[in-house]
Amino acid sequence: MKKKIFIGMGIGLLVIIIGAIILFYPMARMMTQKDIVRLDQSLTLMLGGGGNSGIIIGDSAVVVIDTKMMGSSENLYEFAKEKAGQKPIIVINTHYHGDHVKGNKFFKGSRIYIGSYEKEFLQKNIDAENQPTDFVKDSLLLDLGNEKVYLYNLGQAHTFNDLVVYLSNHNVLFTGDLIFNRVNPVLKEESGARVSQWIHVLDIILSRWGYSKIVPGHGQAGDKEMVLSMRQYFIDMTSAAIDPGKENQLAEKYKEWMKLPGMSSPEKTIEYIKLHDVKK
Ligand SMILES: [Zn+2]
């Protein structure tokens, strides 16, 4: 009898472990595995290992977009340092989330740009060693000679102050977490996520720049199609927040989009929109 109970417990435990691996593996993979994509001589993407990053090699400086987290931050720093040699490195944080800023500490002495969040907000949400140094209220041009790096503050959407970065020579737009490539987005009240504003910002992204490539905050790089599908996702989820009958149909439509366990799913997005965006 005791033996049977033990076997039963053992099988139960195995099922829980396998279930946890299946559930968390895609997220763990996204956060740890890095892909280096060399687009040309002066632009390299480091995808994964936290948020996606870009390294732009200019005549006068090297620019790093987003600094990842944990071991990946150090790899990114070493890569950028080797490319920079004696040139200064300038850092841009598309937003304040840890997976995009936790490597700032490696870039001591660098200018580190971020959107114009309240100072107290940043002090509360970013460790002292990773604090940015400069704030972009509207827009800013970093002219590196051979390369022009444009920073635009698109206001509140994924967080209170999201920046996008446009490289005019390459026709590439870095969107930070304003775009998750086929991943259900994480929506947090304390970050200032607002879906209605987010749709508006995606409309700006669709109409304002003549890019041929988009580098999202997470997932592979893509093109305009990725912006359109992110926008459609929010439009669909908003319609389900108004008409609950649509929920099952949408769960089916977006079943291929990655869910982050406990953090993001179509159901969570719909709930969030009901709470914050749909007028009662
Ligand atoms: Zn984020």
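Whatever comes next refers back to the structure up there.
Residues numbered from 1 in each chain as written. Predicted model: local features only at pLDDT ≥ 70, side-chain atom pairs only at ≥ 80, totals over all residues. Heavy atoms only, no water.

Novice: Please clarify how unusual backbone geometry should be interpreted in this entry.
Specialist: Excluding glycine, residues mostly have negative phi values, and the peptide bonds linking residues are mostly trans. Positive phi, normally seen in glycine, also occurs at aspartate 66, with a value near 65°. As for its placement among the helices and strands, aspartate 66 is situated in the loop between strand 4 (62-65) and helix 2 (70-84). Notably, asparagine 171 is not glycine yet its phi reads approximately 55°, a positive angle. (Helix = DSSP H or I, 4+ residues; strand = E, 2+ residues; numbered from the N terminus.)

Novice: Teacher, can you tell me more about the coordination of the zinc ion here?
Specialist: Under perfect tetrahedral coordination by four donors, a metal shows angles of 109.5 degrees; under perfect octahedral coordination by six donors, it shows angles of 90 or 180 degrees. On the protein side, the zinc ion has His95 (NE2), His97 (ND1), His158 (NE2) and Asp177 (OD) as donor atoms, found 2.1 to 2.3 Å from it. Donor residues binding the zinc ion come from one chain and are separated in sequence as H-x1-H-x60-H-x18-D. One end of the pair, histidine 97, is in the loop between strand 5 (89-92) and helix 3 (98-101); the other, histidine 158, is in the loop between strand 9 (148-153) and strand 10 (163-167), with 61 residues separating them in the sequence. The exposure class assigned to histidine 97 is buried, which follows from its relative accessible area of 13%. (Donors = N, O, S within 2.8 Å, 3.2 Å for Na, K, Ca; no water. Buried < 20%, exposed > 50% of the residue type's maximum accessible area, 1.4 Å probe, protein only.)

Novice: Explain the side chain of aspartate 162 to me, please; I cannot follow it from the model alone.
Specialist: Summarising the element assignment, aspartate 162 is placed in the loop between strand 9 and strand 10. Summary of buried charges: aspartate 162 has no salt-bridge partner, and the nearest side chain of opposite charge, arginine 194, is 11 Å away. When neighbours within four sequence positions are excluded, aspartate 162 is seen to be in contact with Thr94, His95, Tyr152, Asn153, Leu154, Gly155, Gln156, Ala157 and Leu178. (Lys, Arg positive; Asp, Glu negative; His and termini not counted. Salt bridge = Lys/Arg side-chain N within 4 Å of Asp/Glu carboxyl O. Contact = heavy atoms within 4.5 Å.)

Novice: Would you take a moment to explain helix 5 (residues 195-208) for this structure?
Specialist: Since one α-helical turn is 3.6 residues long, residues separated by three or four positions face the same way. A rise of 1.5 Å per residue sets the reference length of helix 5, with its 14 residues, at 20 Å; its end C-alpha atoms lie 20 Å apart and thus fit the reference within 8%. Those residues of helix 5 not exposed but buried are Val195, Trp198, Ile199, Val201, Leu202, Ile205 and Leu206. Along the axis of helix 5, the buried positions cluster into a sector of 165°, meaning they face one direction only. Residues of helix 5 that are buried sit in contact with strand 10, strand 11 (172-180), strand 12 (213-218), helix 6 (224-242) and helix 8 (266-276). (Expected span 1.5 Å × (residues − 1). Arc of directions from axis to C-beta.)

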